[in-house]
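Tertiary structure, described
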Amino acid sequence: FAEGSPEGRWTNPKGSVTVAISKCGEAWCGTVVSASDKAKADAAKGGTPRLVGTQLMSGFTAADKGKWKGRLFVPDINFRARAELRLLDDNRLSVRGCMAGRMLCKSQTWTRAD
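Owing to the predicted nature of the structure, the values given are computational and were not obtained by experimental measurement. (Residues numbered from 1 in each chain as written. Predicted model: local features only at pLDDT ≥ 70, side-chain atom pairs only at ≥ 80, totals over all residues. Heavy atoms only, no water.)

Considering the arrangement of structural elements, one finds Ser 16 in the loop between strand S1 (8-11) and strand S2 (17-24). Measuring from C-alpha to C-alpha, the distance between Ser 16 and Lys 38 comes to 7.8 Å, with 22 residues separating the pair along the chain. (Helix = DSSP H or I, 4+ residues; strand = E, 2+ residues; numbered from the N terminus.)

Okay, the pattern of salt bridges next. Counted under the stated rule, the structure contains four salt bridges. We note a salt bridge from Glu 84 to Lys 69, for which the minimum N-O separation is 3.2 Å. Here the residue Glu 84 occupies a position in strand S6 (residues 79-89), and Lys 69 occupies one in strand S5 (residues 67-74), the gap between them amounting to 15 residues. Of the charged contacts, one joins Arg 92 and Asp 89 as a salt bridge, the two residues approaching to 2.9 Å between their closest N and O atoms. (Salt bridge = Lys/Arg side-chain N within 4 Å of Asp/Glu carboxyl O.)

What follows is about the side chain of Arg 112. Secondary-structure assignment places Arg 112 in strand S8 (residues 104-112). Taking relative accessible area as the criterion, Arg 112 reaches 13% and is therefore assigned buried. Within the structure, Arg 112 has its side chain in polar contact with the backbone oxygen of Asp 90 (distance 2.7 Å). (Buried < 20%, exposed > 50% of the residue type's maximum accessible area, 1.4 Å probe, protein only. Polar contact = N/O pair within 3.5 Å; in protein donor to acceptor, adjacent residues only side chain to side chain.)

What the eight strands build is a closed barrel, ordered S1-S2-S3-S4-S5-S6-S7-S8; its pairing is antiparallel. Within the sheet, the average angular offset between the axes of one strand and its neighbour, ignoring direction, is 35°. Taken together, the seven bridges between S6 and strand S7 (residues 92-99) define a ladder with antiparallel strand orientation. Across the sheet, the residue bridging to Leu 87 is Leu 93, located in S7. (Pairing = 2+ DSSP bridges. Axes fitted to C-alpha atoms, helices over the stretch in contact; angles between N-to-C directions.)

Before going further, it helps to spend a moment on the environment of Phe 79. Here Phe 79 shows up in strand S6. When the C-alpha atoms of Phe 79 and Glu 26 are compared, they prove to be 24 Å apart, with 53 residues separating the residues in sequence.

As for its position among the elements, Ser 94 is in strand S7. Those residues in contact with Ser 94 that lie beyond four places of it in its chain are Glu 84, Leu 85, Arg 86, Leu 88, Gln 108 and Thr 109. (Contact = heavy atoms within 4.5 Å.)

Below, the discussion takes up unusual backbone geometry. One non-glycine residue, Asn 78, lies in the positive phi region at around 50°. Residue position: Asn 78 is located in the loop between S5 and S6.

Here we come to the nonpolar core. A general trend in soluble globular proteins is that nonpolar side chains are found buried together. Among the nonpolar cores identified, the biggest contains 22 residues, and Val 17, Val 19, Ile 21, Met 57 and Leu 85 are the most heavily contacted of them. Elements with a minimum of two residues in this core: S2, strand S3 (27-35), helix H1 (37-45), strand S4 (55-64), S5, S6 and S7. The residues contacting Val 19, other than those within four sequence positions of it, are Gly 8, Arg 9, Trp 10, Gly 30, Thr 31, Val 32, Val 33, Leu 56, Met 57 and Trp 110. (Core = buried A, V, L, I, M, F, W, Y, C linked by side-chain atoms within 4.5 Å.)

Okay, the state of the cysteines next. Inspection of every chain in the model, using the stated rule, returns two disulfides. Between the sulfur of Cys 24 and that of Cys 29 lies a disulfide, 1.8 Å long from S to S. Sign of the S-S torsion, about 60° for the bond between Cys 24 and Cys 29, identifies this disulfide as right-handed. Cys 24 gets classed as partly exposed once you look at its relative accessible area, which sits at 31%. Given a relative accessible area of 6%, Cys 29 falls into the buried group. Each sulfur in the disulfide pair Cys 98 and Cys 105 lies 2.0 Å from the other. Given an S-S torsion of about 110°, the disulfide between Cys 98 and Cys 105 has right-handed geometry. Each bonded cysteine of the chain gets a number by its place in the sequence, and the pairs then read 1-2, 3-4. (Disulfide = S-S within 2.5 Å.)

What follows is the structure in structure tokens.
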């Protein structure tokens, strides 16, 4: 993986979803490469029948050193939110999404799965 980039495979805190983040044009995108049965069922209930292969992160561009802004797709509720990725260290990535402006925000720390 490139130093100081979000590139690589990352797993959410529950260990239920793994996303591969790579370049897509001038930005970074993240696509689901594996998911637990529960995560797949939750996504299906939210209107995303196939979670694996779904792009959860799109259009992330550099906002600061080790920080990117873009869009996050939340399959459980079929919603796209403004989001921010921040590299905490080589193996931890803060993923923060906001709904309703900056009123409803949620952060998670994802860990490198490589």
